[in-house]
Amino acid sequence: MNSLHRSFEEKRNFIRMKVNTPAEITLEGQGTVQSGVCNDLSSGGMLLTTDNQLPIDSELLITVRSRHGHSPTLKARCRVARVEDGPGEQCIVGVEISEFLE
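Okay, so let's go over this structure. (Residues numbered from 1 in each chain as written. Predicted model: local features only at pLDDT ≥ 70, side-chain atom pairs only at ≥ 80, totals over all residues. Heavy atoms only, no water.)

1. Topic: the sheet that holds strand β2 (residues 32-41)
Moving on, step 1. If you walk around this closed barrel you meet the 6 strands as β1-β2-β3-β6-β5-β4, and the pairing is antiparallel. Strand-to-strand twist in this sheet, taken as the mean axis angle between neighbours without regard to direction, amounts to 45°.
Moving on, step 2. Examined bridge by bridge, strand β3 (residues 45-50) and strand β6 (residues 91-101) share 6 bridges and lie antiparallel to one another. When the bridges of β6 are listed, L47 appears paired with G94. (Pairing = 2+ DSSP bridges. Helix = DSSP H or I, 4+ residues; strand = E, 2+ residues; numbered from the N terminus. Axes fitted to C-alpha atoms, helices over the stretch in contact; angles between N-to-C directions.)

Rendered as structure tokens:
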């Protein structure tokens, strides 16, 4: 689909995919692991829902697995670009993918 046929909100370099799948989030340097949900994914970044705020510009290792085990696991080194209040006590975290890992 070319950019002329996409809505204004989706005129980005990379199309987002709604995935809503569990994510494991590790704060680099601290080794603390928390769980969250990867709401959407593109080759440039992810939108996550977490129970805890993450500092802007912090480096993360994120692992996303298919709910059904059909797809390979995605592992990436990411940087927190933005944090917003989410539903209830949760946070919405936008991250930029720095590097895909094997």
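2. Regarding the environment of S43
Moving on, step 1. Along the chain, S43 falls in the loop between β2 and β3.
Moving on, step 2. Considered as a pair, S43 and F100 are 57 residues apart in the sequence and their alpha carbons are 9.2 Å apart.

3. Some thoughts on the pairing of β6
Moving on, step 1. In terms of strand pairing, strand β5 (residues 74-85) meets β6 through 10 bridges, oriented antiparallel. The residue bridging E84 from the neighbouring strand is I92, located in β6.
Moving on, step 2. Connecting the antiparallel pair β5 and β6 is a turn made up of 5 residues, with G88 showing a positive phi of about 60°.

4. What to know about the pattern of salt bridges
Pairing between side chains of opposite charge can happen when the charged atoms of each approach one another.
Moving on, step 1. For the coordinates displayed, the defined rule picks out 7 salt bridges.
Moving on, step 2. With a shortest N-O distance of 3.6 Å, R16 and D40 are connected by a salt bridge. Highlighted residues: R16 in the segment before β1 (17-27) and D40 in strand β2, separated in sequence by 24 residues.
Moving on, step 3. Owing to a relative accessible area of 29%, R16 belongs among the partly exposed residues under this scheme.
Moving on, step 4. The shortest N-O distance in the salt bridge between E99 and R77 comes to 2.8 Å. In this pair, E99 is assigned in strand β6 and R77 in strand β5, connecting sequence segments 22 residues apart.
Moving on, step 5. Judged by its relative accessible area of 38%, E99 falls in the partly exposed class. (Salt bridge = Lys/Arg side-chain N within 4 Å of Asp/Glu carboxyl O. Buried < 20%, exposed > 50% of the residue type's maximum accessible area, 1.4 Å probe, protein only.)

5. What about the side chain of T26?
Moving on, step 1. If you trace the backbone, T26 turns up in strand β1.
Moving on, step 2. Filtering out sequence-adjacent residues up to four positions away, T26 remains in contact with G31, T32, V33, E59, L60 and L61. (Contact = heavy atoms within 4.5 Å.)

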